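This is what each chain is made of:
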Amino acid sequence: MTPRSLACIVSAPAGLPLRLLTPLPQWGRGGASPPESPSGRTSVQTSRVWRGGASLARARSLLAGVGRFTARIGRSHAPWSSSGSWALEIVQESIMRKPRAAVGSRSRCRKQASSQEGREKRALSSRQAKPSAPDAGLARQQEEVRLQAAVSPYHLFRDTAEVTVFRKSLLSWYDREKRDLPWRRQVEGEVDLDRRAYAVWVSEVMLQQTQVATVIDYYTRWMQKWPTLQDLASASLEEVNQLWAGLGYYSRGRRLQEGARKVVEELGGHMPRTAETLQCLLPGVGRYTARAIASIAFGQATGVVDGNVVRVLCRVRAIGADPRSTLVSQQLWSLAQQLVEPARPGDFNQAAMELGATVCTPQRPLCSQCPVQSLCRARQRVEREQLSASRSPPGSRDVEECAPSTGQCQLCAPPTEPWDQTLGVANFPRKVSRRPPREECSATCVLEQPRALGGAQILLVQRPNSGLLAGLWEFPSVTAEPSGQHQRKALLRELQSWVGPLPATRLRHLGQVVHTFSHIKLTYQVYGLALEEQTQVTIVPPGARWLTREEFHTAAVSTAMKKALPLLSSLYFLCFLHVLSEPVTTCSVCTRANSQGPARVPKDPRCPPCPDGKSPAQASKSWIVSFGPTSPADAPSLNSAMPLEAPTP
């Protein structure tokens, strides 16, 4: 191997395409002259670096490695022989400025520009040092060494025997105790790799921030409706939102379909086969999801870290520092990669997650059932604290504990957070304080046509295609102040923009619904309005539609809207009880409509005549709609004292 090839190899970062490691052309003494750019300036053609998806940081690392290597072996043997810093300056310039030939071509490993920018930011923020000089690789290595020096071996797996025991014990337990879940059955019985990966992908996306019991029904219906990537790619976003309704985090379903379309339209219907390409190519697929798919579907020996795995690893190795910190996160991923069983990576990763979900739970963990309790540092810490509480001899160390060589261990809990004897192993991982969700208020109206052809109908409008609850349907709504001032006027204007002029006096407050998203606590002030027969609306602009109640429950609407609709029915019920408690008189029209006797209606001069053929109950409902409460203070409450039986006439 020539010094030129060796220099490229020793300085190449992990993951750099192999085609970049070929010997460079002989420039300088005894070789060809460097190519001339259209502008007449000398340039090294580095478009292969960009086409291969290598980042700027990796290219800089390559450049720095070459520079250090040439300094050691002497410039007479260097890949680029020249005087001064000619080669380094030209290569750096060509890295900073992509050649025109490469600008027009898109890398197969590039996502959309926004996603790429986000990944670059995350990649940069995951490093402690961010130097822009050519020696970025050396600085990063020095920073990693510094961080590792701050970690006590107590928190690591120091020999292969421990790792072997951990793998064997965990997998044996998993083979006996694993739950029978539909996505596991789907994967076990599928021989087609693309369909296997698709089945895992759907399950992993649905399980993000969602309990297994909730996901089972959604997953089953999803796979029945769209059993392949091609089926999902051909579906409409409306259909996806409709099936996803109620599962929460609605952008997951949208990105899942975007990814399916990309696989079908750009990748020939074949899923990427490695964690790196999965994360690079598919929208919405991050580090965890990519590694889960790669290990379970394709057998790639790569570890995963989710909330359950974080809890297991923090307890097994007594990691008490904030798991969200860069150092702890890096250490957890390193441990997961060290522990994964190469022969059964998918089963191992699922076993680790299963252990955290069923045994090593956040509260009241079942330590007696844990297959790796003999290796658990948290359990050993509990025993040590119990020994200390029983006044064991000073200085005795029957149980190993963290003893960093210098300073405070970066993986231990800070001294300001003492051990809580009542929690036991649940002292790990450290409970991080979460920022409370911001509070917002919205006014929404259930607009109903009770006498519409084919049955009563309610109006729904579609939300924008971006932002919170993107693309879902809801009752007409406006952002409102918590005090409620001007709510009715703003809401009435919104309603009129969809259906035309409406009587302001008919808008009644029904109550409120509180729904908490991941970062927002949203309070809906719910109003109701029923259109009279003479003001029926049959045509609405695009983005709105009338649905029956049966259609509403199967539409792509959020859980908050499903909470709001019953307020209309409860108001009818409570007001009807109020009607029954009032002195009664006989309405001649209702008497004719009811062959069993006179109807009970309120003794009120405003009592509207009910149309022929309507029952007394419908007559009461008409009165409720017309003369119900107009403000939150006047609205009846489910806790209000009202008679459950009509008084004796």
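The structure displayed is predicted, hence computed values, not measured ones.

Scoring rules and cut-offs
- Residues numbered from 1 in each chain as written.
- Predicted model: local features only at pLDDT ≥ 70, side-chain atom pairs only at ≥ 80, totals over all residues.
- Heavy atoms only, no water.
- Helix = DSSP H or I, 4+ residues; strand = E, 2+ residues; numbered from the N terminus.
- Buried < 20%, exposed > 50% of the residue type's maximum accessible area, 1.4 Å probe, protein only.
- Contact = heavy atoms within 4.5 Å.
- Areas by Shrake-Rupley, 256 points an atom, 1.4 Å probe, with all protein chains shown as cover.
- Pairing = 2+ DSSP bridges.
- Phe/Tyr/Trp six-rings, centres within 6.5 Å; stacked < 30°, edge-to-face > 60°.
- Lys NZ or Arg CZ within 6 Å of the ring centre and 35° of its normal.
- Salt bridge = Lys/Arg side-chain N within 4 Å of Asp/Glu carboxyl O.
- Core = buried A, V, L, I, M, F, W, Y, C linked by side-chain atoms within 4.5 Å.
- Axes fitted to C-alpha atoms, helices over the stretch in contact; angles between N-to-C directions.
- Left-handed = near helix turned anticlockwise from the far one by under 90°.
- Expected span 1.5 Å × (residues − 1).
- Disulfide = S-S within 2.5 Å.
- 1 Å grid on protein atoms, 1.4 Å probe; cavity = no way out; pocket = protein on both sides within 12 Å on 5 of 7 lines; lining within 4 Å.
- Points joined across faces, edges and corners; volume = space filled by probe spheres on them.
- Nonpolar A, V, L, I, M, F, W, Y, C, P; charged D, E, K, R; others polar.

Draft legend 1. A look at the overall build of the protein chain. Broken down by element type, the protein chain carries 25 helices and nine strands. Relative to its 649 residues, the protein chain shows a buried fraction of 46%. Considering only residue pairs separated by 6 or more positions, the protein chain has 67% of its internal contacts joining residues 24 or more positions apart. With an accessible surface of roughly 33,800 Å², the protein chain has 52% of that area assigned to carbon and sulfur atoms.

Draft legend 2. Representation of the pairing of strand β2 (residues 457–462). The buried fraction of β2 is high, at five of six residues. Sheet topology places strand β1 (residues 438–449) next to β2; two bridges connect them, and they run antiparallel. Looking at β2, one finds that Q449 is bridged to Q457. Where β2 meets strand β7 (residues 544–548), five bridges bridge the pair, whose relative direction is antiparallel. Bridge pairing in β7 places I458 opposite L547. Sheet analysis places β2 next to strand β3 (residues 473–474), joined by two bridges and oriented antiparallel.

Draft legend 3. Layout of the packing of aromatic side chains. Enumeration according to the criterion identifies seven aromatic pairs in this entry. Judged by centre distance (5.5 Å) and plane angle (5 degrees), the ring pair of F475 and F552 falls under stacked. On the criterion of sequence distance, the pair formed by F475 in the loop between β3 and β4 (477–479) and F552 in helix α22 (residues 549–554) is long-range, its members being 77 residues apart. Judged by relative accessible area, F552 falls into the buried class, the value being 0%. By the ring-pair criterion, three or more aromatic residues cluster together here, those being F157, F166 and F348. Its guanidinium or amino end placed over the ring of F157, R317 lies 4.1 Å from that ring's centre, counting from NZ or CZ.

Draft legend 4. Quick peek at the environment of I458. By secondary structure assignment, the location of I458 is in strand β2. Taking relative accessible area as the criterion, I458 reaches 1% and is therefore assigned buried. Along the chain, I458 and R549 lie 91 residues apart, while their C-alpha atoms are 7.3 Å from each other. Not counting residues within four places of it along the chain, the set of residues in contact with I458 comprises V446, L447, E448, F475, R545, W546, L547, F552 and L565.

Draft legend 5. Molecular detail of the pattern of salt bridges. Using the criterion set out here, one finds 17 salt bridges in the structure. Among the salt bridges present, the one from D217 reaches R221, with a minimum N-O distance of 3.1 Å. Within this pair, D217 and its partner R221 are both found in helix α11 (residues 212–225), separated by four residues, close to a single helical turn. Exposure remark for D217: the relative accessible area of 43% places this residue in the partly exposed category. Residues participating in the shared-partner salt-bridge network are D175, R344 and D347.

Draft legend 6. The arrangement of unusual backbone geometry in detail. Between F428 and P429 the backbone carries a cis peptide bond, its omega angle lying at -10 degrees. Along the chain, P429 turns up in the loop between α20 (377–389) and β1. Phi is positive for A318, which is not a glycine, with a value near 50 degrees. As for its position among the elements, A318 is in the loop between α17 (307–316) and α18 (326–339). A relative accessible area of 5% means that A318 is categorised as buried. Although it is not a glycine, L469 sits at a positive phi angle of roughly 55 degrees. Structurally, L469 is set in the loop between β2 and β3.

Draft legend 7. Representation of the nonpolar core in the model. Membership of the largest hydrophobic core comes to 66 residues, with the highest contact counts inside it found for W201, M206, W222, M271, F475 and Y524. Residues in contact with M271, not counting those within four places in the same chain, are D194, A197, W201, L229, V263, L278, L282 and F298.

Draft legend 8. How the structure looks around the packing of helix α10 (residues 193–206) against α11. Closest axis-to-axis distance for the α10/α11 pair is 10 Å, and the angle between their directions is 145 degrees. Where α10 crosses over α11, the two elements pack in a sense that is right-handed. Every residue of α11 that contacts α10 at Y198, A199, V202, S203 and M206 is listed here: V215, Y218, Y219, W222 and M223.

Draft legend 9. Region of interest: α18. The end-to-end C-alpha separation of α18 is 20 Å, in line with the 20 Å expected for 14 residues at 1.5 Å each. By the burial criterion, the buried members of α18 are L327, V328, Q331, L332, W333, L335, A336 and L339.

Draft legend 10. Looking closely at α11. Helix length check: α11 (14 residues) gives 20 Å between terminal C-alpha atoms against 20 Å at 1.5 Å per residue, within 8%. Listed in full, the buried residues belonging to α11 are V215, Y218, Y219, W222 and M223. On its buried face, α11 is in contact with α9 (182–188), α10, α12 (229–233), α13 (237–244) and α14 (251–266).

Draft legend 11. Broad picture of the state of the cysteines. Counting across every chain of the model gives zero disulfides. The thiol sulfur of C314 is not disulfide-bonded, and the nearest other cysteine sulfur, from C360, lies at 9.6 Å. You can call C314 buried: its relative accessible area is 0%.

Draft legend 12. Molecular detail of empty space enclosed by the protein. Considering all chains together, one arrives at five cavities of 30 Å³ or more under this definition. Size it by volume and the largest cavity reaches roughly 130 Å³. Along the wall of the largest cavity there are 15 residues; nearest its centre are R315, C360, C367, C370 and C376. Among the residues making up the lining of the largest cavity, the classes are represented as twelve nonpolar, one polar and two charged.

All quantities given are derived from atomic positions and should not be read as evidence of function.
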